[in-house]
Amino acid sequence: MLRRSEDHAGRYAVLYPAIAEVARRLDAEYLGLIDVGRPLGLNLIVDRVGISYGGDQHLGDASSPVQVDCSVVGDGRVPRTPPPEVDVRMILDRAPLDVRDPGGRDRIRRAVADGSVLDAEIDLAKVISPERISGDPISVLPEAVTSVPDRALPVILTTWSLSRYPPERRRRFVHAMGEASAARKVAWVSVEGVGVAPTIPTLGDRPASGHSIIGVTVFEPSATRLHSEVAGDALGRCWSRGKLLSWFV
């Protein structure tokens, strides 16, 4: 069993409870996960890894080849409720990579210190066989949401993806999610720096303060709602790309 030490895999520890929380709020029985801005779509294996939050709290798959440690600070306790079954998983990126392609694996491995653990993550991604949608995420987001089966809740995932966007483009991304929700509920789980996700409160924290805010935004079908008026909730803060977590809910 391989334990991930690099910062980037800590995102599983913050995504897992956030996805479970939005599913609970919307009483979702099935999910359609859409990973934005991550070419390999490794966020999509979030329900296939094991996570230890210290003490006796372990979530996810204890037998998974990928295990993640996360330290919890503060009085909040990460909820134990697992997310529901995932119907479909999609990578949404300008140039999504095929996890079965050795070239794509090599490209990512060059940027990651522990290639052996990356291989374990990719092997899990091969099992789930995510769909890939190429193009500008803002333009093709409605297509991705439409591809989610009717019985499933579309959940858009961004983990430090929007920081590469200028503010105006971030607002356009929010507008695209609102447009995609014209006929159904759409949820957005975001793990972004302070002030980066336009719908998530900053909690009085300063931008570039060294930590990120875990947020959830729900877009309801409405002919009269202005997308700029949509407000989400902050579920917690995290540091070191998910290695340290403060949970509010």
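Preceding block: the structure.
Residues numbered from 1 in each chain as written. Predicted model: local features only at pLDDT ≥ 70, side-chain atom pairs only at ≥ 80, totals over all residues. Heavy atoms only, no water.

S.K.: Lay out the sheet that holds strand E9 (residues 153–159) in plain terms, naming residues and giving numbers.
M.R.: Read across the open sheet, the nine strands follow the order E6-E13-E12-E11-E10-E9-E2-E7-E8; overall the sheet is mixed. Edge strands, defined here as strands with exactly one partner in the open sheet, are strand E6 (71–72) and strand E8 (131–134). With eight bridges connecting them, strand E10 (residues 186–193) and strand E11 (residues 211–219) associate as antiparallel partners. Bridging across to E11, Gly-193 finds its partner in Ser-212. Packing against the sheet, helix H4 (residues 137–147) makes contact with strand E2 (30–36), strand E7 (85–93), E8, E9 and E10, and its axis sits at approximately 160 degrees to E7. (Pairing = 2+ DSSP bridges. Helix = DSSP H or I, 4+ residues; strand = E, 2+ residues; numbered from the N terminus. Contact = heavy atoms within 4.5 Å. Axes fitted to C-alpha atoms, helices over the stretch in contact; angles between N-to-C directions.)

S.K.: So what about the pattern of salt bridges? Which residues, and what values?
M.R.: Oppositely charged side chains can form a pair if their charged atoms are brought close together. Taken as a whole, this structure holds 15 salt bridges when the rule is applied. A salt bridge links Asp-47 to Arg-48, with the shortest nitrogen-to-oxygen separation between them at 3.9 Å. We classify Asp-47 as partly exposed; its relative accessible area is 22%. One network of salt bridges, with partners in common, ties together Glu-21, Arg-24, Arg-25 and Asp-233. (Salt bridge = Lys/Arg side-chain N within 4 Å of Asp/Glu carboxyl O. Buried < 20%, exposed > 50% of the residue type's maximum accessible area, 1.4 Å probe, protein only.)

S.K.: I'd like to hear about unusual backbone geometry, residue by residue, with values.
M.R.: Backbone geometry follows two general trends: most residues other than glycine have a negative phi, and most peptide bonds adopt the trans configuration. One non-glycine residue, Leu-203, adopts positive backbone phi at about 65 degrees. You can call Leu-203 partly exposed: its relative accessible area is 36%. Backbone geometry places Ala-208, a non-glycine residue, at a positive phi of 55 degrees. With respect to the helices, strands and loops of the structure, Ala-208 is situated in the loop between E10 and E11. According to the relative accessible area criterion, Ala-208 is exposed, its value standing at 83%.

S.K.: Outline the side chain of Arg-169, listing residues and values.
M.R.: Tracing the backbone through its elements, the reader meets Arg-169 in helix H5 (residues 167–180). On the basis of relative accessibility, which here comes to 13%, the residue Arg-169 falls in the buried class. Within the local environment of Arg-169, its side chain forms a polar contact with the side chain of Asp-136, the two groups lying 2.5 Å apart. When residues no more than four places from it in sequence are discounted, the contact partners of Arg-169 are Arg-94, Asp-136, Pro-137 and Ile-138. (Polar contact = N/O pair within 3.5 Å; in protein donor to acceptor, adjacent residues only side chain to side chain.)

S.K.: Which residues make up the nonpolar core, and what values go with them?
M.R.: Membership of the largest hydrophobic core comes to 50 residues, with the highest contact counts inside it found for Leu-31, Leu-33, Tyr-53 and Leu-245. Of the residues forming this core, the biggest block, nine residues, is contributed by helix H1 (residues 11–25). In contact with Leu-31, not counting residues within four places along its chain, are Ile-19, Ala-23, Pro-83, Pro-84, Glu-85, Val-86, Asp-87, Val-88, Ala-152, Leu-153 and Val-155. Counting 31 residues, the second largest nonpolar core, distinct from the first, contains Leu-141, Val-148, Met-177 and Val-230. (Core = buried A, V, L, I, M, F, W, Y, C linked by side-chain atoms within 4.5 Å.)

S.K.: Run through the side chain of His-211, naming residues and quoting values.
M.R.: With respect to the secondary-structure elements, His-211 resides in strand E11. Residue His-211 is classed as buried on the basis of its relative accessible area, which comes to 12%. Of the polar contacts made by the side chain of His-211, one reaches the side chain of Asp-205; its length is 2.9 Å. At a separation of 3.1 Å, a polar atom in the side chain of His-211 contacts the side chain of Ser-209. Excluding its chain neighbours within four sequence positions, the residues that come into contact with His-211 are Gly-193, Val-194, Asp-205, Arg-237, Cys-238 and Trp-239.

S.K.: I'd love a proper account of the packing of H4 against H5, names of residues and values included.
M.R.: Viewed as axis vectors pointing N to C, H4 and H5 meet at an angle of 20 degrees, and their least axial separation amounts to 9 Å. In this view, H4 runs roughly parallel relative to H5, as classed from their interaxial angle. For the element pair H4 and H5, the recorded crossing hand is right-handed. Counting all contacts with H4, which are made through Pro-137, Ile-138, Leu-141, Pro-142 and Val-145, the residues of H5 involved are Arg-169, Arg-172, Phe-173, Ala-176, Met-177 and Ala-180. Taken together, the residues of the contact of H4 with H5 break down into nine nonpolar, no polar and two charged. (Parallel < 35°, antiparallel > 145°, perpendicular 65-115°, else oblique. Left-handed = near helix turned anticlockwise from the far one by under 90°. Nonpolar A, V, L, I, M, F, W, Y, C, P; charged D, E, K, R; others polar.)

S.K.: Which residues make up the packing of aromatic side chains, and what are the values?
M.R.: Summed over the entire model, instances satisfying the criterion amount to one aromatic pair. Arranged with centres 5.7 Å apart and planes meeting at 75 degrees, the rings of Phe-173 and Trp-188 form a pair that is edge-to-face. Of this pair, Phe-173 sits in helix H5 while Trp-188 sits in strand E10, placing them 15 residues apart in sequence. By relative accessible area, which is 0% here, Phe-173 ends up buried. (Phe/Tyr/Trp six-rings, centres within 6.5 Å; stacked < 30°, edge-to-face > 60°.)

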